[in-house]
Protein chains: 2
Amino acid sequence: MKIIVDAFGGDHAPLEIIKGCADAVRELDLDIVLTGKEDVIRRVARENNLSLSRMEIVHAPEVITMDDPPGEIVKGKQDCSMAVGLRLLAEGKGDGFLSGGNSGALVVGSSLIVKRIPGVKRVSFGAIVPKAKGFFMLMDSGANLDCRPEMLQQFGMMGSIYMEKVMRISRPRVGLANVGTEEHKGGELQQQAFHLLKESGLNFVGNVEGRDIPADAADVVVADGFTGNILLKTYEGVAISIMRQVKEMLMQSAKSKLAAALLKSDLYKLKARMDYNEYGGAPVMGVSRPVFKTHGSAKAKTVKNALRLTKEYVATNVIDMISKSIRPVSQGNTADSP
Amino acid sequence: MKIIVDAFGGDHAPLEIIKGCADAVRELDLDIVLTGKEDVIRRVARENNLSLSRMEIVHAPEVITMDDPPGEIVKGKQDCSMAVGLRLLAEGKGDGFLSGGNSGALVVGSSLIVKRIPGVKRVSFGAIVPKAKGFFMLMDSGANLDCRPEMLQQFGMMGSIYMEKVMRISRPRVGLANVGTEEHKGGELQQQAFHLLKESGLNFVGNVEGRDIPADAADVVVADGFTGNILLKTYEGVAISIMRQVKEMLMQSAKSKLAAALLKSDLYKLKARMDYNEYGGAPVMGVSRPVFKTHGSAKAKTVKNALRLTKEYVATNVIDMISKSIRPVSQGNTADSP
């Protein structure tokens, strides 16, 4: 399997990206295509003693930054490492694409260069988030701030297929993020999406509240991208804050330091479990070929984990299944522009 | 000081409410007016050996339940314990009002029976939430799902006055909950509210993300009630879930149990700090007299804490200051219906 990787996407690119790819080649049996400035990639690899074995480099002279407007990927920065990678994917020169760069640009580029699955209304981020046991997918976690009810229904459907095929959860429970569990809760968007999800044939468990999501209310949590992003970042922020407070508590006295020594490996495991950054990122759902977004802050370990998830995304028939599931819904509809 | 208390609001009413009031009379030097079914209150107090000293009872034959539509408080259930309490407050028969009952009904009743401060567009909940150090106020945390930018500006102003006067934070930092820190982030509501808050003369620190709020990004976090409620409940849910996981970790081996014994009091303190339910609840902001909402799940300790916060709300001139601050903004505007 050959994965195309944006070597210049993310805060620690290209070094940590190349490192993560080198680890993935060894541990995950992957071939890699790196896109980006070839001379820089070769120099960084050499200076850090990183092997480029099983890695091909496709030169891309530009980089799309976090400050660039997303649309630049198809305008002024058509030759950035992300755009070049997406074109290679569209042309079938790799089986999947991974980037830690500008999220907005990745959504626009996925829609316009790789194209959506016919019938899919919006490309969206399906963040994989740890809960008390296992994980849930948060769809959309930030790609589409403004959504219509039909989009939320599609998010539920796509998330359900992903969780079933890639995460091997049978009949994933789909919940709608809302401010109460009763059917009439929320605004018009939530009320209409509730109705559509209920009729969808999915294993819809109704509205779910932030209070219950970490405890395992659903396997797929559906939200518009604004709500989803607020939920995701609050989730992350509180987890980090509490783990930091636990750590401070463990450092404050001789007695607590002794306790800390006893707990060391358990604490490490708990922290790793709650740090969803370690898990790699989010599949970009609704695209006609597998695209995966890793965190802008990703270091080598996260990049490697993201490559493992990209590999699993490629290896399953998620996109085919979405394509088949969406046809009856979109009969007679035309897809929206991104 | 005399606080009116809805003896029939909340899951554990009236027993836990009366208990909390009895504790508050002793510890906080308060006089209480209980509203609700007089015979039941007297019987429950007698059966549980609770003193009703310094407590007056005003009979209310009905109870508004969690399932009643909020508007019932001024229609079919005008004689419920909440409505009777709000009328007493409006008539000046007490200095403040506390209820743990139906939130929607409390918003409608506060608006229509006690009335808003002239110029205030919406009555809102200002939940007091613990962060790494101290607390922040989340305005609105769920009273108004649909908001206009001017309302968000008022939430910032009211929250800022409350945090300054009641929580004694000088020049509270006001942040707007958003999906990124840059000025252009979010939808139209956030973009326009950003502009209004920037011009407001408040100590506006710009957009704040869920990732940074627990770490102390702002003293007042402004949001529409839908976003605020999602944020609040996720905050609570993740905190509870992680503390539960820490507890499970401490119970899993002989070694970890030893560590748990060493950490006992520290862990208890941390848990209490993160459990915002213990803090009492949220002031209902924008009402012309002090109304305080405690949690539906409140037991005696929380009720007592809520009474302490209600006392502080009454003792400060928050409402006067809001009234003075709002006039220049609302010149020529008429207030909306609730």
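Each value, and the rule that gives it
Numbering of residues starts from 1 in each chain and follows the order in which that chain's sequence is written. Key to labels: chains lettered from A, ligands numbered from 1, both in the order written. Totals for whole chains, interfaces and linings use all residues, but because this is a predicted model, local features are given only for residues with pLDDT of at least 70 and pairs of side-chain atoms are given and counted only at 80 or more. Side-chain metrics in this entry use all non-hydrogen atoms of the structure; hydrogen atoms and water are not considered. Any two rings among Phe, Tyr and Trp, with Trp reduced to its six-membered ring, count as a pair given centres within 6.5 Å; such a pair is stacked if its planes are under 30 degrees apart, edge-to-face if over 60, and tilted if neither. In DSSP terms, a helix is any run of H or I states spanning at least four residues, a strand is any run of E spanning at least two, and both are numbered starting from the N terminus. Type-normalised accessible area, obtained with a 1.4 Å probe on protein chains alone, sets the label of each residue: buried when under 20%, exposed when over 50%, and partly exposed for intermediate values. Here the copies are superposed with least squares, the fitted atoms being C-alpha atoms of residues at a pLDDT of at least 70 in both. Contacts are residue-level and defined by heavy atoms, with any inter-residue pair within 4.5 Å sufficient. Whenever a carboxyl oxygen of Asp or Glu lies within 4 Å of a side-chain nitrogen of Lys or Arg, that contact is scored as a salt bridge. In short, buried area is how much 1.4 Å probe accessible area vanishes from two parts on joining, totalled over both. Note on pairing: two strands pair once DSSP finds at least 2 bridges between them.

Q: An account of the packing of aromatic side chains is needed here, citing residue identities and associated values.
A: Using the criterion set out here, one finds six aromatic pairs over all chains in the structure. Seen from their ring centres, Phe194(A) and Phe204(A) are 5.2 Å apart, and the 80 degrees between their planes marks the pair as edge-to-face. Linking Phe194(A) in helix 6 (residues 188–198) with Phe204(A) in strand 8 (residues 203–208), this pair joins segments that are 10 residues apart in sequence. The same class applies to Phe194(A) and to Phe204(A), which are both buried. On the basis of an interplanar angle of 65 degrees and a centroid distance of 5.7 Å, the ring pair of Phe136(B) and Tyr235(B) is categorised as edge-to-face. Pair noted here: Phe136(B) is in strand 6 (residues 135–139) and Tyr235(B) is in helix 7 (residues 225–250), with a separation of 99 residues, a long-range link. Here Phe136(B) and Tyr235(B) have matching classes, each one buried.

Q: Which residues make up the relation of the copies chain B and chain A, and what values do they have?
A: Once chain B has been moved 0.0 Å along the axis and rotated by 180 degrees, it coincides with chain A to within an RMSD of 0.0 Å. Look at the turn and shift together and you get a two-fold axis relating the two. Considering only C-alpha atoms, the part of chain B nearest the rotation axis is Ala259(B), at 2.2 Å. Taken together, the interface assignments show that 100% of the residues at the interface of chain B recur at the interface of chain A, consistent with an identical surface on both copies.

Q: Talk me through the pattern of salt bridges; I want residue IDs and the actual numbers.
A: Residue and element names in this part refer to chain B. As enumerated under the stated definition, the model contains 40 salt bridges over all chains in all. Notably, a salt bridge pairs Arg26 with Asp23, separated by 2.6 Å at the nearest N-O pair. Of the two residues, Arg26 and Asp23 are both situated in helix 1 (residues 15–28); the distance of three residues between them amounts to about one turn of the helix. What makes Arg26 exposed here is its relative accessible area of 61%. In this structure, Arg43 engages Glu47 in a salt bridge whose closest nitrogen and oxygen atoms are separated by 3.6 Å. With Arg43 and Glu47 both in helix 2 (residues 38–47) and four residues apart, the pair spans about one turn of that helix. Taking relative accessible area as the criterion, Arg43 reaches 37% and is therefore assigned partly exposed.

Q: I'd love a proper account of the interface of chain B and chain A, names of residues and values included.
A: Each partner contributes to the interface: chain B provides 47 residues, whereas chain A provides 47 residues. Taking both partners together, chain B and chain A bury about 4,100 Å²; carbon and sulfur atoms supply 73% of that area. Looking at the side of chain B facing chain A, the largest losses of area belong to Arg211(B), Phe226(B) and Leu262(B), adding up to 15% of the total buried there. Our count for the chain B to chain A interface comes out at four salt bridges.

Q: Tell me about the pairing of strand 2 (residues 31–36) of chain B, and name the residues and values.
A: In summary, the side chains of a regular strand alternate between the two faces of the sheet. Residue and element names in this part refer to chain B. For strand 2, the buried fraction is high: five of the six residues fall into the buried class. Sheet topology places strand 1 (residues 2–6) next to strand 2; five bridges connect them, and they run parallel. Residue pairing across strands places Ile4 opposite Val33, the latter belonging to strand 2. Pairing of strand 2 with strand 3 (residues 55–59) involves five bridges; the strand directions are parallel. Residue Leu34 lies in a different strand from strand 3, and its bridge partner there is Ile57.

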